[in-house]
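Here is how the chains run, residue by residue.
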Amino acid sequence: MSIKNRLYRDFILLLVVLQMLEIILPIHLTLLVAIISVPIFILGLSRLSHSFKIATSIFLVMGIILLLTSKLSLNSFANSVTSMIDIVVLLVIMQLFMVPVTMGNYQTAVEDFMKKKLHTPKAIYIFVMAVTHLLSSILSMGTVPIVISVLGDSIKQRVNDYQQFSGKAITRAFTLGTLWAPGAATIFLISTVTKVKWNVLFLPCIILGILGLFLAYFLESRQDFFKKPQRTNNSEQAFEQSSKGQSLIPVLVAIAGLLILSFIFMHFNIGSSMNSVTLAGIITIGVWIVLLLLPKNSRQEHSQSLNVAVKEYLNNGVFSGASLAPFFIGIGTFTYGFEHSVVSAMLIQFLKPIFSQLGWALVVLIPLIVVLSSLVGIHPLASVALIGKIVMSAHLVLSPLLIALSLNIGSVIAYMVSPFAGIIIIVASLLEVKPTTISLRWNWLFCLLFAAVGLTFSVLFSFIY
């Protein structure tokens, strides 16, 4: 590992430690965190893609200009730089879930269950979506290569169109998970911008995710790849062979425990909503690892797996979780600066009468702008932050919850339909198809239907809530 990468990793880990100290102890380390964020931004900027470098740099420069015109104090600068650093810490911690998953060899358990219990393409499609959706809640982008590497060969032998089958199931299940998942950055960015807490967003967003999964299944239920293919006796025997792995129950218990602990910490106001989830994640991971090490007959094997998993986390997991750290520093500076600047007041005065005339049409317009922006290469995180901040600053009659849900639906569709989205590029690379094939050809109809269903539900829920 190069010195530059080692320094970047060490600064990120120091950031995590300081964040945890702020949660546990009654101390304020904002200024110190802001100082550490500077080398993180400098070292991490070169790791971003070209489009992200441009977006990040623009947001940082604009944020600094807005702060300077507002004549804010040093503390204000520190608050602006660190305003979204919680998201970075959360994503880094969530990558730690790979440690117990690797120790317990749960990838083998998933494949073992699939070979023994699933005998039709429809059952496999449901299973692949369910596994991807659940794992994405704790493993984020790490879910995709795991699902494809573990289930890929079995799917190839048991469906007619492996690429389209896998592309649709994985991209839809994964992106729908970003609606509510503790390991997703989008929902916490939306929570920060709209001031709607994650525990308030959780119920309608997880319902939206479930509705999306049902829609994804019924939309494809008559496709050719759901017809059971012919196979030889040799391949039939191969399906009967299975390796012995851990039960899937601990994975489900870990996800449930993470959510329950998160809600408990939020109820007792232990830090912000993101800090509550981060702390819950650390506790869940720690308990899971201890439980795996308790049995004497497998302690040595799990200890060796633990060493391998920790090294993998330090060499790759930290970088994966902190891949967008400079972006969140830049966009956090901009959103904080915008919120406290005279430009915000002027823009509100200009847009408020326009938005007032649009009224409920904004519910449709908000996700439409996010999606159209993504099609020209603007990342949904950037457009969500900018649009959300402008709309919220205008103090419209629409409830903050409805605005948050509209932004969330727009971001999910953008992740699914944009050929520039990270999830689309990763899946396209692993399946060896064009990104435009997955995003525009395979997903456009689902995205259109999900937008209609999701926005209708959001409006109804906002009336009830």
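Residues numbered from 1 in each chain as written. Predicted model: local features only at pLDDT ≥ 70, side-chain atom pairs only at ≥ 80, totals over all residues. Heavy atoms only, no water.

**Describing helix H17 (residues 325-339)**
Along an α-helix, residues three or four apart share an orientation, since each turn contains 3.6 residues.
Here's step 1: When the terminal C-alpha atoms of H17 are compared, their 21 Å separation across 15 residues agrees well with the 21 Å that a helix rising 1.5 Å per residue should span.
Here's step 2: For H17, a buried count of 14 out of 15 residues is recorded, marking the element as mostly surrounded by other parts of the structure. (Helix = DSSP H or I, 4+ residues; strand = E, 2+ residues; numbered from the N terminus. Expected span 1.5 Å × (residues − 1). Buried < 20%, exposed > 50% of the residue type's maximum accessible area, 1.4 Å probe, protein only.)

**Description of a nonpolar patch on the surface**
Here's step 1: On the surface, a nonpolar cluster with roughly 470 Å² of combined accessible area is contributed by Leu-14, Val-17, Leu-21, Ile-24, Leu-25 and Ile-27.
Here's step 2: Position of Leu-25 among the secondary structure elements: in the loop between helix H1 (3-24) and helix H2 (30-45).
Here's step 3: Assessed through its relative accessible area of 38%, Leu-25 is described here as partly exposed. (Patch = residues over 30% accessible without salt bridge, like charges linked within 9 Å, V, L, I, M, F, W, Y side chains within 5 Å. Areas by Shrake-Rupley, 256 points an atom, 1.4 Å probe, with all protein chains shown as cover. Salt bridge = Lys/Arg side-chain N within 4 Å of Asp/Glu carboxyl O.)

**Overview of the packing of aromatic side chains**
Here's step 1: Evaluation of the coordinates by the stated rule reveals 16 aromatic pairs.
Here's step 2: Between Tyr-8 and Phe-319, the ring centres sit 6.2 Å apart and the planes meet at 20 degrees, which makes this aromatic pair stacked. With Tyr-8 in helix H1 and Phe-319 in helix H16 (residues 299-321), this residue pair connects regions lying 311 residues apart in the sequence. Of the two residues examined, Tyr-8 and Phe-319, each falls in the buried class.
Here's step 3: Centroid distance Phe-202 to Phe-263: 5.1 Å. Interplanar angle 75 degrees. Geometry classified as edge-to-face. Here Phe-263 lies in helix H14 (residues 249-267) and Phe-202 lies in helix H12 (residues 198-220), a separation of 61 residues in the sequence.
Here's step 4: Among the residues examined, Phe-202 registers a relative accessible area of 12% and is labelled buried. (Phe/Tyr/Trp six-rings, centres within 6.5 Å; stacked < 30°, edge-to-face > 60°.)

**Examining the packing of helix H19 (residues 362-375) against helix H21 (residues 400-417)**
Here's step 1: Relative to each other, H19 and H21 sit at 30 degrees, their axes nearing to 8 Å. When the interaxial angle is binned, H19 and H21 end up roughly parallel. The crossing of H19 and H21 is right-handed. Contacts from Val-363, Ile-366, Pro-367, Val-370, Val-371, Ser-374 and Leu-375 of H19 reach H21 at Leu-402, Ile-403, Ser-406, Leu-407, Gly-410, Ser-411, Ile-413, Ala-414 and Val-417.
Here's step 2: Of the residues contributing to the contact of H19 with H21, the split by class is twelve nonpolar, four polar and no charged. (Axes fitted to C-alpha atoms, helices over the stretch in contact; angles between N-to-C directions. Parallel < 35°, antiparallel > 145°, perpendicular 65-115°, else oblique. Left-handed = near helix turned anticlockwise from the far one by under 90°. Contact = heavy atoms within 4.5 Å. Nonpolar A, V, L, I, M, F, W, Y, C, P; charged D, E, K, R; others polar.)

Keep in mind these values describe shape, not function.
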